[in-house]
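# Analysis of the macromolecular model
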Amino acid sequence: MAVRVGKRFTFDAAHQLIGHTGKCANVHGHTYTLEVVLEGEPISAEQPSDEGFVMDFGNLKRIVNEQVVDFFDHAFLAKGNEPILEALYASGSKIALIGARTTAENLVFFICHKLKQAGLPIYSATLWETQTAFAQVLSSEIPDEGPSYRANGGCDVE
Ligand SMILES: [Zn+2]
């Protein structure tokens with residue numbers, strides 16, 4: 001019988017939506033909350049240490065930190081077309097290059113694909129850009145070759 005388990009993470013990052021007609025055209029930051037949900041059968045008694053787990057929460061924490069949080073935290077999230085990138089590279093500032101417009105929608109595609117590639121039995125990923133705005137994707141919706149990013153997408157400016 002399958003069961004879903006999840007864990008929440010937070011990281012701080014800056015970004016800029018080039019071409020946005022509102023406030024998100026400015027360089028600004030968010031404290032993002034990421035919720036990762038796994039789905040699987042609890043492990044059998046043949047592996048006593050992990051018996052009853054889909055995955056030990058400690059292992060889940062380590063993998064998501066290595067794959068996602070360490071990459072994004074205190075970075076400038078970049079599509080690659082932001083004029084500020086030159087100055088950030090010159091000053092040695094941390095940059096997380098996504099290769100797509102850094103909307104919550106595209107970021108959650110990127111994150112879910114990365115975790116799927118890392119071998120996690122991921123069911124869904126939800127990325128909260130603010131306390132009231134999120135984007136969510138089911139792992140099953142992301143093709144193995146990776147997400148096809150959209151040019152559009154919102155930025156919550158409450
Ligand atoms: Zn934003």
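Preceding this paragraph is the structure being described.
My aim in this report is to walk through the structure given alongside it, one point at a time.

About the cut-offs
Every chain is numbered independently, its residues counted from 1 as its sequence is written. Confidence filtering applies because this is a predicted model: local features only for residues at pLDDT of at least 70, side-chain atom pairs given and counted only at 80 or more, and all residues used for totals across whole chains, interfaces and linings. Secondary structure counts use DSSP, requiring at least four H or I residues in a row for a helix and at least two E residues in a row for a strand, with both numbered from the N terminus. How far a helix is expected to stretch is found by multiplying one less than its residue total by 1.5 Å. Any residue whose C-beta has 12 or fewer other C-beta atoms within 10 Å is treated as exposed, any with 20 or more as buried, and any in between as partly exposed, C-beta atoms being built from the backbone. The contact criterion used here is simple: two residues whose C-beta atoms, placed from the backbone, lie within 7 Å are in contact. In this analysis the local bend is the angle between axes fitted, respectively, to the seven residues ending at and the seven residues starting at the residue.

Moving on, we get to helix α3 (residues 104–117). Along an α-helix, residues three or four positions apart point the same way, because every turn accommodates 3.6 residues. For α3, with 14 residues, the first-to-last C-alpha span of 20 Å sits near the 20 Å given by 1.5 Å per residue. Buried residues dominate α3, accounting for 11 of its 14 residues. Buried within α3 are the following residues: Ala104, Glu105, Asn106, Leu107, Val108, Phe109, Phe110, Ile111, Cys112, His113 and Leu115. Next to the buried residues of α3 lie β2 (28–40), α1 (57–72), β3 (75–78), β5 (122–128) and β6 (134–138). Positive backbone phi, at 95 degrees, marks Gly119, one or two positions downstream of α3.

The largest bend in α1 amounts to roughly 50 degrees and is located at Asn65. For α1, the set of buried residues is Leu60, Val64, Val68 and Phe72. Next to the buried residues of α1 lie β1 (3–15), β2, β3, β4 (95–97) and α3. Directly beyond the C-terminal end of α1, a positive phi value near 60 degrees is found at His74.

Just distances and angles here, no functional claims.
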